[in-house]
Amino acid sequence: MTQETFHQLVHLVLDSPAHPPETLFVGGMDNWHARARLAHFLAMQGIDKKAEALELFHSIVEQDVDEDNPEDVEEKCFALQRLSSLEKEINKDDDALKHIDMAIELAESTDFLYKYILRGELWGDRWNLMHKMNLTQDAESEVDERIAAYVDIPIAHNSYLYYGYRFKAQLAAERHVTLVAKDYMHMALHAMEIPEEYKEGLEVAFAPTHDNAAFILNQIDRATPNPDKLHWDI
């Protein structure tokens, strides 16, 4: 990508409804942070410049980061996670798996509690991708290993457990085992902070007694608070 194209894409994003502050792109194309941030906006629905987003994300895959700087680490993890999701959308699953694995390795190389990256969510992305690639049994084994490693840790809000049990609930729903899917979702939500205002809606979502497990799981997801806006201990 040329400097001129980069500059044009920045202005496309600045003039879009997203309207981010121009300071996000200080340093231009020579600054990997600016390239990653621009790529996130280009991939957004409504801007839909996914080819350009992929190009920019790929440009930071081998970028060194300051592992003593949590914001540096997190920004690269986030870029790798989004790159993986875009590759999954276009069925480049091997590349997607490679990049989500890189995000996991980088995220777990530190003890930082990140602002918006959840280690459990990164693993959840890996497991869902493996399921898409017909590696479901391997994914289930990894989930069970993660749960076993973290289930007895005395912390209240554990993203590994939430996303692990959530994945097991999804599989149970696909297998039409409704009660098992509900049980796993109860366990998933037990690992999450649930604000009081969500509790009644969740009770309603769990209440149906029919066997349409996928519908029930969808209703539970709709009633669940956004994980990105909650407090997590890990």
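Scroll up for the structure.
Residues numbered from 1 in each chain as written. Predicted model: local features only at pLDDT ≥ 70, side-chain atom pairs only at ≥ 80, totals over all residues. Heavy atoms only, no water.

Novice: Help me understand the packing of helix α6 (residues 119–132) against helix α8 (residues 159–174), please; the structure alone is not making it clear to me.
Specialist: Between two packed helices, what matters for the description is the angle formed by their axes and the separation of those axes. Two elements in contact, α6 and α8, have axes whose closest approach is 7 Å; the angle formed by their N-to-C orientations is 25°. By the angle between their axes, α6 is roughly parallel relative to α8. As for how α6 packs across α8, the hand of that crossing is right-handed. Here Arg119, Gly120, Glu121, Trp123, Gly124, Trp127, Asn128 and His131 of α6 lie close against α8, whose contacting residues are Ser159, Tyr160, Tyr163, Gly164, Phe167, Gln170, Leu171 and Glu174. Class assignment of the residues belonging to the contact of α6 with α8 gives a composition of six nonpolar, seven polar and three charged. (Axes fitted to C-alpha atoms, helices over the stretch in contact; angles between N-to-C directions. Helix = DSSP H or I, 4+ residues; strand = E, 2+ residues; numbered from the N terminus. Parallel < 35°, antiparallel > 145°, perpendicular 65-115°, else oblique. Left-handed = near helix turned anticlockwise from the far one by under 90°. Contact = heavy atoms within 4.5 Å. Nonpolar A, V, L, I, M, F, W, Y, C, P; charged D, E, K, R; others polar.)

Novice: What am I meant to see in the nonpolar core here?
Specialist: Grouped together as the largest cluster of nonpolar side chains are 75 residues, with contacts concentrated most on Phe25, Leu38, Leu42, Tyr162, Met185, Leu189 and Ile220. At ten residues, the largest contribution of residues to this core is made by α8. Setting aside its immediate chain neighbours within four residues, methionine 185 contacts Arg166, Ala169, Phe206, Leu217, Ile220 and Asp221. (Core = buried A, V, L, I, M, F, W, Y, C linked by side-chain atoms within 4.5 Å. Buried < 20%, exposed > 50% of the residue type's maximum accessible area, 1.4 Å probe, protein only.)

Novice: It is not clear to me how the side chain of glutamate 142 should be interpreted in this structure. Could you clarify?
Specialist: Along the chain, glutamate 142 falls in helix α7 (residues 136–150). One polar contact links glutamate 142 to tryptophan 127, side chain to side chain, over a distance of 3.1 Å. Excluding its chain neighbours within four sequence positions, the residues that come into contact with glutamate 142 are Trp123, Arg126, Trp127 and Met130. (Polar contact = N/O pair within 3.5 Å; in protein donor to acceptor, adjacent residues only side chain to side chain.)

Novice: Sorry if this is basic, but what is going on with empty space enclosed by the protein here?
Specialist: A probe as big as a water molecule, rolled over the atoms, marks out the empty space that is left. All chains considered together, the criterion is met by one cavity of 30 Å³ or more. Considering only enclosed or pocket space, the largest cavity measures out at about 30 Å³ in volume. Among the residues forming the lining of the largest cavity, the class breakdown is four nonpolar, one polar and one charged. (1 Å grid on protein atoms, 1.4 Å probe; cavity = no way out; pocket = protein on both sides within 12 Å on 5 of 7 lines; lining within 4 Å. Points joined across faces, edges and corners; volume = space filled by probe spheres on them.)

Novice: Sorry, what's going on with helix α1 (residues 3–14) here?
Specialist: Because an α-helix completes one turn every 3.6 residues, residues spaced three or four positions apart along the sequence face the same direction. Look at α1: 16 Å from first C-alpha to last across twelve residues, which is about the 16 Å you get at 1.5 Å a residue. Those residues of α1 that fall on the buried side of the exposure criterion are Phe6, Leu9, Val10, Val13 and Leu14. Along the axis of α1, the buried positions cluster into a sector of 140°, meaning they face one direction only. Tucked into the core, α1 has its buried residues touching α2 (32–42) and α3 (50–58). (Expected span 1.5 Å × (residues − 1). Arc of directions from axis to C-beta.)

Novice: Looking at this model, I keep getting lost on the packing of α8 against helix α9 (residues 178–190). Mind explaining?
Specialist: Across the interface, α8 lies against α9 with an axial gap of 8 Å and an inter-helix angle of 170°. Relative to α9, the element α8 lies roughly antiparallel. Residues Leu161, Tyr162, Tyr165, Arg166, Lys168, Ala169, Ala172 and Ala173 of α8 form the contact with α9, whose participating residues are Val180, Ala181, Tyr184, Met185, Met187, Ala188 and Leu189. Among the residues making up the contact of α8 with α9, the classes are represented as 13 nonpolar, no polar and two charged.

Novice: Just to check I follow, could you spell out the pattern of salt bridges for this structure?
Specialist: Side chains carrying opposite charge are able to pair once their charged atoms draw close together. A complete count under the given rule lists twelve salt bridges for this structure. A salt bridge links arginine 126 to aspartate 101, with the nearest nitrogen and oxygen atoms 2.7 Å apart. Linking arginine 126 in helix α6 with aspartate 101 in helix α5 (residues 93–107), this pair joins segments that are 25 residues apart in sequence. Residue arginine 126 is classed as buried on the basis of its relative accessible area, which comes to 12%. A salt bridge links glutamate 140 to arginine 175; the shortest N-O distance between them is 3.0 Å. (Salt bridge = Lys/Arg side-chain N within 4 Å of Asp/Glu carboxyl O.)

Novice: Explain the packing of aromatic side chains to me, please; I cannot follow it from the model alone.
Specialist: For any pair of aromatic rings, the description consists of the separation of the ring centres together with the inter-plane angle of the planes. Summed over all chains, the structure comprises nine aromatic pairs. Where tyrosine 162 meets tryptophan 232, the ring centres are 5.9 Å apart and the plane angle is 50°; that geometry is what we call tilted. Placement of tyrosine 162 in helix α8 and of tryptophan 232 in the segment after α11 (213–223) is noted, with a sequence separation of 70 residues between them. Since its relative accessible area comes to 5%, tryptophan 232 is described here as buried. (Phe/Tyr/Trp six-rings, centres within 6.5 Å; stacked < 30°, edge-to-face > 60°.)

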